[in-house]
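Per-entry structural report
Spelled out, the chains give:
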Amino acid sequence: MTLSTSRAVPGDDIRVTHDTHPDNPHDTKAAGSESLAPQKTRIMGRTSYLLAWFGGCVSIGTFTMGSSVVGTLNLLQATLAIAIGCFVIGIALALNGAAGYKYGIPFMVQARSAFGIKGTRLPGLVRAVPAIVWYGFQSWIGAGALNMVSATLFGFDNLIFFFIAFQFLQIALSVLGFQGIKWLENIGSAFILASLVYMFYSTVQRYGDELSASMLTMEGSWGLPFWGATMLFLGIYSTMMLNVSDYSREHKEGSGPGLLTTLYAMSILPCTLFMGLIGYMVSEATGVADPIQVFANAVDNTPLLMTTLLFIAFAQVTTNVLNNVVPPTYVLMDTFKLKFRTATVIVGLLAFATFPWELVQPDSADGLQLFVQTYSAFLGPIFAILVVDYYLVRRRTLDLGKLYDEQGPYRGVNPAALIATAVGIAAALTFSSVSWYASLIPAGVTYFLLMKHWAPCQRFCQ
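Keep in mind it's a predicted model, so treat the numbers as computed, not measured. (Residues numbered from 1 in each chain as written. Predicted model: local features only at pLDDT ≥ 70, side-chain atom pairs only at ≥ 80, totals over all residues. Heavy atoms only, no water.)

The next subject is the confidence of the model for the protein. For the protein, the mean per-residue pLDDT works out to 85, and 87% of the residues sit at or above 70. Taken element by element, the predicted model of the protein shows its lowest mean pLDDT in strand β1 (residues 4-9) (39) and its highest in helix α4 (residues 107-110) (98). (pLDDT = per-residue confidence, 0-100. Helix = DSSP H or I, 4+ residues; strand = E, 2+ residues; numbered from the N terminus.)

Right, dumping it as C-alpha cells:
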C-alpha cells in the first residue's frame, strides 16, 4: 500500500510531496525535470548510486597523491592508507547527505536551516564558483587529451575545436539531469574500471624491472606520516561533502547510515586505489611525480597511450556532469528561479568564461594553487555548520514548510552561521596545511553555542 501526502508551500510555488514508497517500479522521472522541491521520485537504486559515485569521483590528482608518499610509506602502508581514507570520506558524505536522503531536499534548501534563506548565498557561492572554474579547467584537459588522440591517430590537431565541441557535448548531456547522469555514470564506470585495470597491468609490465624491492621491504611509517596520508586526498572530495544532498535525494529509500557509508566508501575506493598505486609505482620506478607525463611519453606503447588519453577525456565528462554542473545549477535555480535546463546551459557557457587555457599556463600555476587554497578555507567551516545544525540543533528533524516559506522563521540571514564561518576560516588560514581539519571544531562549536545562547538566533531554532 502506498500513502502520499501533499501540502502547498508558500514562497516557492511548489508543492511538498512525500511518497512512502519511492521504490515503486512504475515511478518515472522526465529527463531534466529537476527542481528544488522535495524529491518524490528517486531513480537511483544502490547499484546505480554506487556506480554514479564511482564514475563521478575520478580525479587525475589522485595519481600525484600516490606519488607523494614514495619514500615515506611502503606498498602495504600506502594501500591501507588509501583504504582508510576512503572510509573516512564515506562517513563524512553519509553524515552530511542524511538530510537530503531523508527529506529529498537539495543542498541549497538544506543550507537554509543553518544560514537562512538569504544567507544560503554564501555556501551557494562557495560551492558554485570552484565548480564552474574546475568545469572549464577539466574540460580543457579533456579536450587536450582528445586532441592528442586525434593528432596521433589521424593527424588532425586543433585544440580549440575539440574544446568547444567537448564543452557543448557536456552541456547536452547535462540538460538531461539525473536521468542522463545515471546512465552516463553507469555505462562509463565499466570503461573507467577496465582502463584502470589495463593501466595498472601495463605499469607493472613496463616498469617491473625498475620497481625496487624496497616498496615492500622498506620499514616506512605507521605514525603521523601514515595517518596524514589517509587524509591526503580528502581535499578532492571536500566540495562534494557540502552538496552531497543534491545526490542523496536521488537514492531510493531503504539504505541505513552504515550501508550508505559503505556505498560511498566502496564507490570511491577502486578508482582511488588503482590511481594512487599507479602513481606510487610510476614515481618509484621513474622518479617522475606526474604519471600522466610518463604515460604520454610512452610513444612505444600506443595502446597504453591511447587508453590513458581516452581515460583522461572520459573521466572529465563523468566528473563534470556529476560534480561541477549540478551544484552551480541548483544555485542559479535558487537565486534566479530558473528552470534546470536553462541553468545547466548557463553554467556550461560560464565555464568558457573561466579562461581555462590561462589556468594551465606555467606562469599562472601559482594563481590556481592560491585559488584552491582560498576557497578550501571555506569548505570545512560550512561542512561543520551543516552537520552540527542537522544533528545537534535540529535533532535530525526539519520542518519543510518553514524551509520553503520565504516569510517564515528562516527568512533573512542567520548571524550565527556567518560568525561561525568566519571563526572557522580564521582557523583554517592559521593552519593552512591542514585547513579543512583545523576549521571543523572552531566553526562547529561556535555555531552550536551561538544557536543555543544568543538571542538573535533563537528564531532560527524554532
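There's plenty left to go through after this.
Grouped together as the largest cluster of nonpolar side chains are 92 residues, with contacts concentrated most on W53, F178, M241 and Y447. Once residues lying within four places of it in the same chain are set aside, the contact partners of W53 are L93, M240, V244, Y247, Y264, S267 and L322. Counting residues in each nonpolar core, the second largest holds 32 residues, with V69, L73, A285 and M306 among its members. (Core = buried A, V, L, I, M, F, W, Y, C linked by side-chain atoms within 4.5 Å. Buried < 20%, exposed > 50% of the residue type's maximum accessible area, 1.4 Å probe, protein only. Contact = heavy atoms within 4.5 Å.)

Let us now look at the packing of aromatic side chains. Under the definition given, this model contains 20 aromatic pairs. Both rings, one in Y390 and one in Y391, keep their centres 5.1 Å apart while their planes meet at 85°; by these two values the pair is edge-to-face. Since its relative accessible area comes to 23%, Y391 is described here as partly exposed. Between the aromatic rings of W436 and Y437, the centroid separation amounts to 5.6 Å while the plane-to-plane angle is 85°, which identifies the pairing as edge-to-face. Members of the aromatic cluster, connected to one another through ring pairs, are Y49, W53, F178, Y247 and Y264. A cation sits over an aromatic face here: R112 above Y404, 5.4 Å from the ring centre. (Phe/Tyr/Trp six-rings, centres within 6.5 Å; stacked < 30°, edge-to-face > 60°. Lys NZ or Arg CZ within 6 Å of the ring centre and 35° of its normal.)

If you roll a probe as big as a water molecule over the atoms, it shows you where there is empty space left. Taken as a whole and judged by the stated rule, the model has three cavities of 30 Å³ or more. Here the largest cavity is characterised by a volume of approximately 70 Å³. When contributions to the lining of the largest cavity are tallied by element, the ones reaching two or more residues are α2 (61-67), α3 (75-103) and α13 (257-286). Taken together, the residues of the lining of the largest cavity break down into ten nonpolar, two polar and no charged. (1 Å grid on protein atoms, 1.4 Å probe; cavity = no way out; pocket = protein on both sides within 12 Å on 5 of 7 lines; lining within 4 Å. Points joined across faces, edges and corners; volume = space filled by probe spheres on them. Nonpolar A, V, L, I, M, F, W, Y, C, P; charged D, E, K, R; others polar.)

Glancing now at the pattern of salt bridges. One pass over the full model with this rule turns up five salt bridges. We note a salt bridge from R121 to D334, for which the minimum N-O separation is 3.3 Å. You can see R121 sitting in helix α6 (residues 121-153) and its partner D334 sitting in helix α16 (residues 326-336), a full 213 residues away along the chain. Where K337 meets E406, a salt bridge forms, and the shortest distance between an N and an O atom there is 3.3 Å. Taken together, the residues span a long stretch of sequence, with K337 in the loop between α16 and α17 (340-352) and E406 in the loop between α20 (400-403) and α21 (415-430) at a distance of 69 residues. A relative accessible area of 30% means that E406 is categorised as partly exposed. Within this structure, R112, R121 and D334 form a network of salt bridges that share partners. (Salt bridge = Lys/Arg side-chain N within 4 Å of Asp/Glu carboxyl O.)

Glancing now at the side chain of S248. Relative to the assigned elements, S248 resides in helix α12 (residues 245-248). Within the local environment of S248, its side chain forms a polar contact with the backbone oxygen of G97, the two atoms lying 2.9 Å apart. What S248 contacts, discounting residues up to four positions off in sequence, is R42, Y49, G97, G100, Y101 and Y264. (Polar contact = N/O pair within 3.5 Å; in protein donor to acceptor, adjacent residues only side chain to side chain.)

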